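Residue-level listing of the chains:
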Amino acid sequence: MYHRNMMLARSLLVVSNGIRLFAAARRQRGSRDFWMQTLFEHRRNTTGDLLEDMRNEGVRDTLKNFVRLNRDDFDHLLHLVRNRIAKKDTTMRKAISPLERLCITMRFLATGDSYESLSVLFRVSKSSISKIIPEVCDAIKDALHDYVKLPSTNTEWKEVATEFERKWNFPHVIGAIDGKHVSIIAPKNSGAEYYNYKNFYSIVLLGIVDANYNFMYADVGCQGRISDGGVLANSSIFGELENNNMNIPEPEVLSRQHTNNTRVPYVFLGDKAFALKHYMLTPFGGVPVRNSPQRIYNYRLSRARRTVENAFGILSNVYRVLRKPMLLEPTVAEKVVLATVYLHNFSRKRNSSQLYTPVGSIDQEIQGDTVNGSWRIDPPTSSMLPLAGIPRRSAAQIQQVRLYLAHEFITNYAIANQYRNQ
């Protein structure tokens, strides 16, 4: 009996010592875990206060610089996306609020800061941020879906054309089109799939812009290796354009023409990267003779295409994430780029317009001279580079239409100072 009791006592002592050592190890390890948790637990005492302070009346400019929106528009956007991005609290921790989620994403779009930097600034883990940003970008696109859309009726297309003629003196234009290579880090196991003619990895943003610098259409995700002539062919609207299924008005006689019955189609304006087609006008190739109709036509087309050039320029000037290679997988990069396009239109059409495009930010004409917008002052970037021009043969009919317009621009549609430096 005595021997059995001694064995039991020794066993209890071993178990007790084991429990004590285990508890000590947990305390030692727990101190390290607690230090990491403390950094993120302070989130509600720092980030919350920071965001609320910036939203107060006295520091409106701080919020504008931080998220690129004024307070009213930021609050309205938060209202639109709140239910889409809200998460439920758990028994372990409180969820990151919609306000914080939106602010993290807007700051990322505004600066392109790394997830590590955002983690320290907002006291939110890098892994959480990697989930928050694509989710919020999707929510922004869904909430603002009505801000970026192509006309769907004959009347709506004609309204776009009327505004182009009124502002840019170019008849029958239903949009200016362009594309940009958005730089990304080489995706894993992608080979040369995203490697473009400029020798970096990219996805392509294809955009169509109206007369007021607003995007009507955006397509993102075409791999950088796709020839620039194939970017439009790989877009979601190419088949509709080729088959005349977009309710674009039929060709008509120009409104200022009273003696010639030539019917001119309603067209998009592209540069030399695009093919001349029945729905697309492009410049004459080569270097036309000085003051010739072809030279004047090229000037007038380039002048009207300032809308899309300025839209892309302002977009990358405000949302600096577009100006540097994105450390993101292509699918996430697509979400980021599309979110900036929708925010561009949102800002242009609401109270943040003066903040987003202040006086002097867009190209202007003063007494016939072009004054560059402030966005052009930015130093060259390794991202948002143009598509390359590729020589192509075009149908004779649309070539005749282009030549007809070239002569109209020196007669019925001439504007002051168009011969200057031409």
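Refer to the structure presented above.
Okay, so let's go over this structure. (Residues numbered from 1 in each chain as written. Predicted model: local features only at pLDDT ≥ 70, side-chain atom pairs only at ≥ 80, totals over all residues. Heavy atoms only, no water.)

## As for the packing of aromatic side chains
Moving on, step 1. Using the criterion set out here, one finds 11 aromatic pairs in the structure.
Moving on, step 2. Between Phe-170 and Tyr-297, the ring centres sit 6.4 Å apart and the planes meet at 65°, which makes this aromatic pair edge-to-face. Placement of Phe-170 in the loop between helix 8 (154-168) and strand 1 (173-183) and of Tyr-297 in helix 11 (residues 293-304) is noted, with a sequence separation of 127 residues between them. For the residue pair Phe-170 and Tyr-297, the accessibility class agrees, reading buried in each case.
Moving on, step 3. Centre to centre, the rings of Phe-170 and Phe-409 are 4.8 Å apart; their planes meet at 65°, and the pair counts as edge-to-face. Taken as a pair, Phe-170 in the loop between helix 8 and strand 1 and Phe-409 in the segment after helix 15 (396-408) lie far apart in primary sequence, 239 residues in all.
Moving on, step 4. The class for Phe-170 is buried, based on a relative accessible area of 0%. (Phe/Tyr/Trp six-rings, centres within 6.5 Å; stacked < 30°, edge-to-face > 60°. Helix = DSSP H or I, 4+ residues; strand = E, 2+ residues; numbered from the N terminus. Buried < 20%, exposed > 50% of the residue type's maximum accessible area, 1.4 Å probe, protein only.)

## Details of the packing of helix 4 (residues 71-85) against helix 5 (residues 98-111)
Moving on, step 1. At their nearest, the axes of helix 4 and helix 5 sit 9 Å apart, and the two run at 115° to each other. With respect to helix 5, the element helix 4 is oriented roughly perpendicular. For the pair helix 4 and helix 5, the sense of crossing is right-handed. The residues of helix 5 that touch helix 4, namely those facing Phe-74, Leu-77, Leu-78, Val-81, Arg-82 and Ile-85, are Pro-98, Leu-99, Arg-101, Leu-102, Cys-103 and Met-106.
Moving on, step 2. Residue composition of the contact of helix 4 with helix 5, by class: 10 nonpolar, no polar and two charged. (Axes fitted to C-alpha atoms, helices over the stretch in contact; angles between N-to-C directions. Parallel < 35°, antiparallel > 145°, perpendicular 65-115°, else oblique. Left-handed = near helix turned anticlockwise from the far one by under 90°. Contact = heavy atoms within 4.5 Å. Nonpolar A, V, L, I, M, F, W, Y, C, P; charged D, E, K, R; others polar.)

## Concerning helix 12 (residues 306-318)
The α-helix winds at 3.6 residues per turn, so residues separated by three or four positions along the chain end up facing the same way.
Moving on, step 1. Compared with an ideal rise of 1.5 Å per residue, which puts 13 residues at 18 Å, helix 12 spans 18 Å between its outermost C-alpha atoms and is within 8% of the ideal.
Moving on, step 2. Of all 13 residues making up helix 12, 11 are buried, and the element is well covered by its neighbours.
Moving on, step 3. Of all the residues in helix 12, the buried ones are Arg-306, Thr-307, Val-308, Asn-310, Ala-311, Phe-312, Gly-313, Ile-314, Leu-315, Ser-316 and Val-318. (Expected span 1.5 Å × (residues − 1).)

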